[in-house]
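# Breakdown of the fold
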Amino acid sequence: MQLEFKGKKALVRVDFNVPLDKDYNITDDTRMRAALPTISQILKDGGAAILMSHLGRPMKKLKEDGSIDREKFTLNHVTSHLAELTGAKVHFCDETIGDKATKMAAELPMGEILVLENTRFNEGEKKGDEAFAKSLSELADLYVNDAFGTAHRAHASTTTVAQYFDKGAKSFGYLMQAEIKNANKVLNSPERPLTAIIGGAKVSDKILLLERLIDFVDNLIIGGGMAYTFVKAQGGKVGNSLVEEDRLQLALELIEKAKSNNVTIHLPADSIIADNFANDAAHRAAASNEIPDGWMGLDVGPDARAKFEEAIANSGTLLWNGPMGVFEMPNFANGTKAIAEAVAKATQNGAFSLVGGGDSVAAVNQMGLADKVSYVSTGGGAMLEFLEGKELPGIKAMNA
């Protein structure tokens, strides 16, 4: 960050969209911790931080009378923990803009933090409303965007607000800088071989990513439900496994494109199949192209894991996005866990690894391996779009 914070108030877009339990306790503070370097730097330099973030989707989960569920979605849920993490005095404003927000921002002492109410309580947020963004901008001297997880959204607090600050008065925070730097390392200067490990349920969710990856990776490991569309496209029997029938031709085209680009596609040779979509279902290993009717593939099998682990071990750069199976069910989480361990081991042996995407990140966190990989991205959708080659609105706005 190339800004002078001393004596200044910085409006900081953070991503505090953290998971909460039924009593509104934070169950995973990863996103909050990721913002600490930026917040701490502002305070250390003698500035004050005015934080704004969304939490959940309040407009999509209105109460029966059509009003916002303020108790459930208020950002006040994060303030006490933020005070613990920063050691600073944290104030909370129960509005995002308005007379109260203006007064509290104006009176905020240097070295302290003000958390504004959930940006999505305002309809103008998701619309990128200029009046809402302008009101936000008037609360501070400087603007810092440190919310990579929402950089792919052209919202008022992530994008529009930047236009009300001169180039010398706005900056990316340390988290945004790190996300961009590490993604660019994979895209532009990878150590070879470069292996991408892509999982998840549907090919359709990752078409653009797969097409882009085939242009520059050496190996492409495909797991999760999407693998069965590729297996069936090549004539395999996949039983009741998840298949996108309208993507079979696309799967064949991607396989042909990979061949012409000398990219090796690794599909799971075998799968852990089950007779029902449930953790307690009967299950066993079977060849992925010989799954009987009435059975479905819910994880990659032992042979697939071994082949995937070998490809990972021989890689110089690794990109992992998406689970290898139904990770939320313990009996079908072994493939994803094996990938997490293999990526961590390869990293210890000198490979560069970037992990992004909800279940991939959850796997390395649950297994205590987050510090054993090179970088864990905080932005699932944003990282996907960045790797697809899209220009993210939140990044473009800062360069305008």
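Coordinates for the structure precede this section.
A quick note: this is a predicted structure, and the numbers were derived from the prediction, not measured. (Residues numbered from 1 in each chain as written. Predicted model: local features only at pLDDT ≥ 70, side-chain atom pairs only at ≥ 80, totals over all residues. Heavy atoms only, no water.)

### A word on the overall build of the protein
Convention followed: Secondary structure is summarised from DSSP: a helix means a run of H or I of at least four residues, a strand means a run of E of at least two, and numbering begins at the N terminus for each. Our radius of gyration looks at C-alpha atoms and nothing else; its globule reference is 2.2 Å times the residue count to the power 0.38. The cut-offs for exposure are 20% and 50% of the maximum accessible area for each residue type, with area from a 1.4 Å probe on protein chains only; residues under the lower value are buried, those over the upper are exposed, and the others partly exposed. Pairs of residues are marked as contacts when any of their non-hydrogen atoms sit within 4.5 Å. Using a 1.4 Å probe, accessible areas were evaluated by the Shrake-Rupley method; residue-level cover was limited to the displayed protein chains. By the counting rule applied here, Lys and Arg register as positive and Asp and Glu as negative, while His and the ends of each chain are not counted. Note that the charge is assigned to NZ on lysines, CZ on arginines, CG on aspartates and CD on glutamates.
A count of helices and strands for the protein gives 15 helices and 17 strands. Computed over C-alpha atoms, the radius of gyration of the protein comes to 23 Å, within 12% of the 21 Å expected from 2.2 N^0.38 for 400 residues, which places it in the range of a compact globule. Sorting the 400 residues of the protein into buried and exposed places 55% on the buried side. Looking at the protein alone, contacts between residues at least 24 apart form 72% of all its contacts between residues at least 6 apart. With the model as given, the accessible surface of the protein reaches about 17100 Å², and the carbon-plus-sulfur share is 45%. Between the mean site of the 43 positive side-chain charges and the mean site of the 53 negative ones, the protein shows a separation of 3 Å.

### Considerations on helix H6 (residues 130-137)
Stated formally: Comment: arc refers to directions from the helix axis out to C-beta atoms.
When H6 is considered as a whole, its buried residues turn out to be Phe-132, Ala-133, Leu-136 and Ser-137. End-on, the buried residues of H6 take up no more than an arc of 140°, which puts them together on one face.

### Some points on the pairing of strand E8 (residues 219-222)
Where we set the bar: Following DSSP output, two strands are said to pair if at least two bridges run between them. We call a crossover right-handed when, viewed with both strands directed away from the observer, the connection leading from the first strand over the helix to the second proceeds clockwise.
Along E8, one buried face is formed by Asn-219 and Ile-221 and the opposite face, lined by Leu-220 and Ile-222, is buried too. Taken together, the four bridges between strand E7 (residues 194-198) and E8 define a ladder with parallel strand orientation. Considered in E8, the bridge of Ile-197 is made with Ile-221. In this region the chain leaves E7, passes through helix H8 (residues 207-213) and returns to the parallel neighbour E8; the handedness of that crossover is right-handed. Note: E8 against strand E10 (residues 264-266), three bridges, orientation parallel. Counted as the bridge partner of Ile-221 is His-266 from E10.

### Comments concerning the sheet that holds strand E16 (residues 352-355)
What holds strands together in a sheet is hydrogen bonding between their backbones, with the strands either parallel or antiparallel. What counts here: Simply put, an axis is a line fit to the C-alpha atoms, just over the touching stretch for a helix, and the angle between two N-to-C directions goes from 0 to 180 degrees.
Taken together, the six strands give an open sheet; going across it, the order is E10-E8-E7-E15-E16-E17, and neighbouring strands pair in parallel fashion. Edge positions in the sheet fall to E10 and strand E17 (375-376), since each has one partner strand and no second. Where strand E15 (residues 317-321) and E16 come together, four bridges link them in parallel fashion. Note on E16: the bridge partner recorded for Leu-319 is Leu-354. Contacts from helix H11 (residues 302-313) reach E7, E8, E10 and E15, with the element oriented near 150° to E8.

### Here we look at the nonpolar core
For soluble globular proteins, nonpolar side chains are generally found buried alongside one another. Note the cut-off: What is meant by a nonpolar core is a set of buried Ala, Val, Leu, Ile, Met, Phe, Trp, Tyr and Cys residues, joined one to another through side-chain atoms within 4.5 Å.
Among the nonpolar cores identified, the biggest contains 102 residues, and Leu-11, Phe-16, Leu-51, Leu-116 and Leu-220 are the most heavily contacted of them. Among the elements that take part in this core, helix H1 (residues 30-44) stands out by supplying seven residues, more than any other. Each residue touching Leu-220, except ones within four places of it in the same chain, is listed here: Ala-196, Ile-198, Leu-210, Leu-213, Ile-214, Val-263, Thr-264, Ile-265 and His-266. Counting 26 residues, the second-largest nonpolar core is a separate cluster that includes Phe-308, Ile-312, Met-324 and Ala-346.

### Looking at unusual backbone geometry
Residue Pro-193 is reached from Arg-192 by a cis peptide bond, and omega for that bond is -5°. By the secondary structure assignment, Pro-193 is in the loop between helix H7 (174-188) and E7. The backbone phi angle of Tyr-24 is positive, close to 70°, even though this residue is not glycine. Examined against the element boundaries, Tyr-24 turns out to sit in the loop between strand E1 (9-13) and H1. Tyr-24 sits in the partly exposed class, given a relative accessible area of 26%. For Asn-262, which is not glycine, the phi torsion reads 60° and is therefore positive. Looking at the element boundaries, Asn-262 is found in the loop between helix H10 (248-260) and E10.

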